[in-house]
Amino acid sequence: MEEVDVNRGFWSGKRVLLTGHTGFKGGWLALWLSELGAHVHGYALQPPTTPSLFETAGVARSLRTSTIADVCDLAALTAAVGEAKPEIVFHLAAQPLVRESYRSPVETYATNVMGTVHLLEALRSIDGVRAVVNVTTDKCYENDGRPSPYVENDPMGGHDPYSSSKGCAELVTAAYRRSFLSERNVRVTTARAGNVIGGGDWAPDRLVPDFLRSLDAGQALIIRSPDATRPWQHVLEPLSGYLMLAERLCTGKAEFDGAWNFGPALEDAKPVRWIVERLCAGVPGASWRVDPAPQPHEAHALTLDSTKARERLGWRPRWGIGPAIDRTLQWHHAWRSGADMREVCLRQIAEYEAAA
């Protein structure tokens, strides 16, 4: 299938519920949806970091409503769904960090599994929903250490609580689709992306935010696993896939239900060491070293096969890892210089769209 772009005309006036809109990926998606003309209703906890993309880029200005509440609160979530009356739902609310899941496994499972249950249950109570995209992760697969990419029908699993919780969320979504939502003609899918980078991510225990914090503090970056390989991609890459997938779901065809990978080109699956050296090459004086202390288990190798999205949706990555790193550094330098970060975000979205 030939490459297809996000259909701007499709999104104009669409009612969209976006959970996790105060987070990194959710903030970028809220900005893009609003710029496309969608009526976006957000539901999430307070921004997870200070500073945050939500505050820095004025994401609230892109929303029709912004409900600050927990996805584990079924009553509040049901009320917000009823108010938004969405046609399309993007579920991004999550506890997204592997190392945090070791520290807080109960909270991780509560948010990532029961939060998904609560949303899907709330959606059963209203009419008019056409499409649901539940964003999970590349780590939902049962990682056996193989170098070959994972495809959508590989088994779910997860060594750590975060990865396991996302595998569980995949199973929950499939069960609700088969048991309840398909009979109401609601198309439901899950989306699995790689390790996203981009401006406005201040989460702890993530490589690029940790690098930028070290840079700002004038310190060497400390990394855990220099030889671990991940599918790195700019945040706008998978977001474009989510948008295109939602459009197809709204055709009402069951063939677009199920799971989809939105990963980078295989040559962009790089070791941590490569990413760090590329970051340091773009910033004079930056340095790094390896933490010698024992670390919790994390998969050594992980890559995604996105053939399905390429062949059936017409989606493909547009920015390689080099441009992704460059734009992340540009965003951070603009923020440090006091630029209008909402305008910077919108300009990068426009640049991404123009790269088709």
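Look up a bit, the structure's there.
This is a predicted model, so every value here is computed, not measured.

Examining the packing of helix 12 (residues 321-336) against helix 13 (residues 341-354)
Think of two packed helices as two axes; the pair is described by the angle between the axes and how far apart they sit. Direction vectors running N to C along helix 12 and helix 13 enclose 160°, while the axes themselves pass 10 Å from each other. In terms of orientation, helix 12 and helix 13 fall into the roughly antiparallel class. As for how helix 12 packs across helix 13, the hand of that crossing is right-handed. Facing Arg327, Gln330, Trp331, Ala334 and Trp335 of helix 12, the residues of helix 13 in contact are Met341, Val344, Cys345, Gln348 and Glu351. The residue inventory of the contact of helix 12 with helix 13, partitioned by class, reads six nonpolar, two polar and two charged.

With respect to the packing of aromatic side chains
Note on aromatic pairs: each is described by the distance of the centres and the angle between the planes. This model, assessed by the stated rule, comprises 11 aromatic pairs. With 5.0 Å between their ring centres and 55° between their planes, Tyr176 and Phe180 make a pair best called tilted. Placement of both Tyr176 and Phe180 in helix 7 (residues 161-181) is noted, with a separation of four residues, approximately one turn of the helix. Tyr176 sits in the buried class, given a relative accessible area of 13%. For Phe180, a relative accessible area of 27% translates into the label partly exposed. Seen in terms of ring centroids, Phe262 and Trp315 are 5.2 Å apart; in terms of plane orientation they differ by 85°. Their pairing is edge-to-face. Here the residue Phe262 occupies a position in strand 10 (residues 258-262), and Trp315 occupies one in the loop between helix 11 (307-313) and helix 12, the gap between them amounting to 53 residues. Taking relative accessible area as the criterion, Trp315 reaches 2% and is therefore assigned buried. Put simply, the rings of Phe10, Trp11 and Phe90 pair up and form one aromatic cluster. Over the face of the ring belonging to Tyr150 we find Arg146, whose NZ or CZ atom lies 4.0 Å from the ring centre. Positioned above the aromatic ring of Trp260 is the side chain of Lys308, whose terminal nitrogen or guanidinium carbon lies 4.3 Å from the ring centre.

Side note on the pattern of salt bridges
The tally for this structure, following the rule as stated, stands at 22 salt bridges. Linking Asp5 and Arg318 is a salt bridge whose minimum nitrogen-to-oxygen distance equals 2.8 Å. With Asp5 in the segment before helix 1 (8-11) and Arg318 in the loop between helix 11 and helix 12, this residue pair connects regions lying 313 residues apart in the sequence. The class of Asp5 is partly exposed, set by a relative accessible area of 32%. The exposure class of Arg318 is buried, given its relative accessible area of 14%. Residues Arg248 and Glu247 are paired through a salt bridge, measuring 3.8 Å at the closest nitrogen-oxygen approach. Across the pair, exposure class does not vary: Arg248 and Glu247 are buried alike. Ionic contacts of the salt-bridge type, sharing partners, join the residues Arg99, Glu100, Arg103 and Asp205 into one network.

About the cut-offs
Sequence order as written defines residue numbering, which begins from 1 separately in each chain. This being a predicted model, a pLDDT of at least 70 is required before a residue's local features are given, and a value of 80 or more before pairs of side-chain atoms are given or counted; all residues contribute to the totals for chains, interfaces and linings. Based on all heavy atoms of the structure, the side-chain values leave hydrogens and waters out of the count. Helix axes use the C-alpha atoms of the stretch in contact, all axes being lines fitted to C-alpha atoms, and the angles between their N-to-C directions lie in the range 0 to 180 degrees. A run of DSSP states H or I qualifies as a helix once it reaches four residues; a run of E qualifies as a strand once it reaches two. Both are numbered from the N-terminal end. Oblique is the label for any angle not under 35 degrees, not over 145, and not in the 65 to 115 range, which are roughly parallel, roughly antiparallel and roughly perpendicular in turn. For a crossing to be left-handed, the near helix must be turned anticlockwise from the far one by less than a right angle; the clockwise case is right-handed. For this analysis, residues touch if any pair of their heavy atoms sits within 4.5 Å. Amino acid classes used here: Ala, Val, Leu, Ile, Met, Phe, Trp, Tyr, Cys and Pro are nonpolar; Asp, Glu, Lys and Arg are charged; the rest, including Gly, are polar. Centre distance within 6.5 Å is the pairing criterion for rings of Phe, Tyr and Trp, where only the six-membered ring of Trp is used; planes under 30 degrees apart are then read as stacked, over 60 as edge-to-face, and the remainder as tilted. In this scheme, a residue with accessible area under 20% of its type's maximum is buried, one over 50% is exposed, and one in between is partly exposed, where area comes from a 1.4 Å probe on protein chains only. Note on criteria: charge over ring means Lys NZ or Arg CZ within 6 Å of the ring centre, with the direction from the centre no more than 35 degrees off the ring normal. Salt bridges are identified by distance alone: a Lys or Arg side-chain nitrogen within 4 Å of an Asp or Glu carboxyl oxygen.

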